[in-house]
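The chain contents come next:
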Amino acid sequence: MSKIAVVYWTGTGNTEIMANAIGAAAGADVFDLSSFSPDTVSAYEKIAFGCPAMGDEVLEEGEFEPFFTEAEGSLAGKKVALFGSYGWGDGQWMRDWEERVKAAGAALFSNGLIINGTPDESGEAECADFGKNFAAF
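Residues numbered from 1 in each chain as written. Predicted model: local features only at pLDDT ≥ 70, side-chain atom pairs only at ≥ 80, totals over all residues. Heavy atoms only, no water.

Caption draft 1: Quick look at the pairing of strand S2 (residues 29-32). Note that strand S1 (residues 4-8) and S2 share 4 bridges and pair parallel. The residue of S2 that forms the bridge with alanine 5 is aspartate 29. Since S1 and S2 lie parallel, the crossover through helix H1 (residues 14-26) that links them has a hand, and here it is right-handed. (Pairing = 2+ DSSP bridges. Helix = DSSP H or I, 4+ residues; strand = E, 2+ residues; numbered from the N terminus. Right-handed = clockwise from strand over helix to strand, strands pointing away.)

Caption draft 2: Broad picture of the packing of aromatic side chains. Under the counting rule described, the total for this entry stands at 15 aromatic pairs. Between phenylalanine 36 and tyrosine 44, the aromatic rings sit 6.1 Å apart at their centres with planes inclined by 45 degrees, giving tilted as the arrangement. Among the aromatic residues, those joined into a cluster by ring pairs are Phe31, Phe36, Tyr44, Phe49, Phe64, Phe67, Phe68 and Trp97. Of note, lysine 3 hangs over the ring of tyrosine 44, and the distance from its end group to the ring centre comes to 4.9 Å. Positioned above the aromatic ring of phenylalanine 134 is the side chain of lysine 46, whose terminal nitrogen or guanidinium carbon lies 6.0 Å from the ring centre. (Phe/Tyr/Trp six-rings, centres within 6.5 Å; stacked < 30°, edge-to-face > 60°. Lys NZ or Arg CZ within 6 Å of the ring centre and 35° of its normal.)

Caption draft 3: The pattern of salt bridges, seen in detail. All chains considered together, the criterion is met by 4 salt bridges. The residue arginine 100 makes a salt bridge to glutamate 65 at a minimum N-O spacing of 3.0 Å. Remark: glutamate 65 occurs in helix H2 (residues 64-71) and arginine 100 occurs in helix H3 (residues 92-103); sequence separation between them is 35 residues. For arginine 100, a relative accessible area of 22% translates into the label partly exposed. (Salt bridge = Lys/Arg side-chain N within 4 Å of Asp/Glu carboxyl O. Buried < 20%, exposed > 50% of the residue type's maximum accessible area, 1.4 Å probe, protein only.)

Caption draft 4: Representation of the nonpolar core within the structure. Counting residues in hydrophobic clusters, the biggest one holds 28 residues, and the most contacted among them are Val7, Phe49, Phe64, Phe67 and Trp97. Broken down by secondary-structure element, the contributors of at least two residues to this core are S1, strand S3 (46-50), H2, strand S4 (79-86) and H3. (Core = buried A, V, L, I, M, F, W, Y, C linked by side-chain atoms within 4.5 Å.)

Everything listed is a geometric property; what it means functionally is a separate question.
The structure is reproduced here in structure tokens:
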């Protein structure tokens, strides 16, 4: 069985709800960003990163973007999934993020999972399916 991490940043708690549902279904270690360093990437075969869309459909710039920029150099050969919540827009931040992961040499799992606002029961079930399928990836 692969060692899996779910690493997330949340501002409102929506992405945290997603992370916990994905992590539980995947049998993963779940970390908020403050509990995980870019150096820890090497300890995992699969990592699901979660960050909501911010501002002009970008990753959160104060904490998550600097973390991810540093972690990108360690993603080659890893299996990576992406997820996050959003409040508006069409998911451009996720498409841009997917391209970064591919350019880093990681194997991207599916399209990133995005949920508008707070995940409801259906959204949490979607997160659980995403986690279960990522674990099998």
